[in-house]
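# Observations on chain architecture
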Amino acid sequence: MFLTKTKIDWSEMDLFGHVNNVAYFKYFQSARVHFLTHIGINTSNPKDAQSFVVAECFCNYHQPLYYPDDIEIQTSVIWIKNSSFQLQHQILNSQSALCATGKDVVVLFDYSKNEKVFVSENIRMLLNKY
């Protein structure tokens, strides 16, 4: 499991006094980018044409998050196919309560060729660790 820690920002609150549902996707994005960077998949270098696209992002809300709080996003790999893999995220508040679960389907993509690419053996090995 890969861990990403962050703080809830006051601006993420909504009219009802809890973190807005859209912010959870921002937390998933942050965890996804940190994880992919950690295993060596390009997340921000425009000169490196091989990167990824998000084909699917999904969230189940279990209980609200509130400001101020520190949260932890736990990321693991569910499956790996030829050119894609699925990540699962769990968001826990500072009391270790499960507040949301999410899943992403990530497709490796070559932007210079505008096509998906195969998961290399090296990346597959790194993904399998999680």
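Report follows, based on the coordinates. Here the residue numbers are simple positions, counted from 1 along each chain's written sequence. The predicted nature of this model means local features are confined to residues of pLDDT at least 70 and side-chain atom pairs, given and counted, to a pLDDT of 80 or more, with totals for whole chains, interfaces and linings taken over all residues. To obtain the side-chain values, all non-hydrogen atoms of the structure were included, while hydrogens and water were left out.

### Regarding the pattern of salt bridges
Whenever Lys or Arg places a side-chain nitrogen within 4 Å of a carboxyl oxygen from Asp or Glu, that contact is recorded as a salt bridge. Under the definition given, this model contains four salt bridges. Taking the shortest distance from any N to any O, the salt bridge between K5 and E72 comes out at 3.9 Å. Of the two residues, K5 sits in strand β1 (residues 2–7) while E72 sits in strand β3 (residues 70–80), which places them 67 residues apart along the sequence. Exposed residues in this analysis have more than 50% of their type's maximum accessible area, buried residues have under 20%, and partly exposed residues fall in between, with area computed by a 1.4 Å probe over protein chains only. Residue classification places K5 among the exposed residues on the basis of a relative accessible area of 63%. One salt bridge in this structure joins R32 and D104, with 2.9 Å as the shortest N-O distance. Remark: D104 occurs in strand β5 (residues 98–110) and R32 occurs in helix α1 (residues 21–39); sequence separation between them is 72 residues. As far as burial versus exposure is concerned, R32 and D104 are alike and both buried. Each helix is a run of H or I in the DSSP string that is no shorter than four residues. Each strand is a run of E no shorter than two, and both are numbered from the N terminus.

### What to know about the nonpolar core
Put simply, a nonpolar core is a bunch of buried Ala, Val, Leu, Ile, Met, Phe, Trp, Tyr and Cys residues held in one set by side-chain atoms that sit within 4.5 Å of each other. Core analysis: the largest hydrophobic core is formed by 17 residues, its most contacted members being F35, L36, I39, I41, F85, L108 and L127. Elements that contribute at least two residues to this core include exactly α1, β3, β4 (84–92), β5 and α2 (121–128). Contact between two residues is taken to exist if any of their heavy atoms lie within 4.5 Å; hydrogens are not considered. With residues up to four places along the chain from it excluded, the contact list for F85 reads L36, I41, W79, I80, D104, V105, V106, L108 and L127. Listed in part, the 14 residues of the second largest apolar core include A23, Y24, C59 and I71.

### Quick notes on α2
Among the residues of α2, those classed as buried are I123, R124, L126 and L127. On an axial view of α2, the arc spanned by its buried residues comes to 165 degrees, and they lie on one face. Those residues of α2 that are exposed and aimed more than 90 degrees away from the buried face are E121 and N128. Of the surrounding secondary structure, the elements contacted by the buried residues of α2 are α1, β3 and β4. The arc in question is traced by the directions running from the helix axis to the C-beta atoms.

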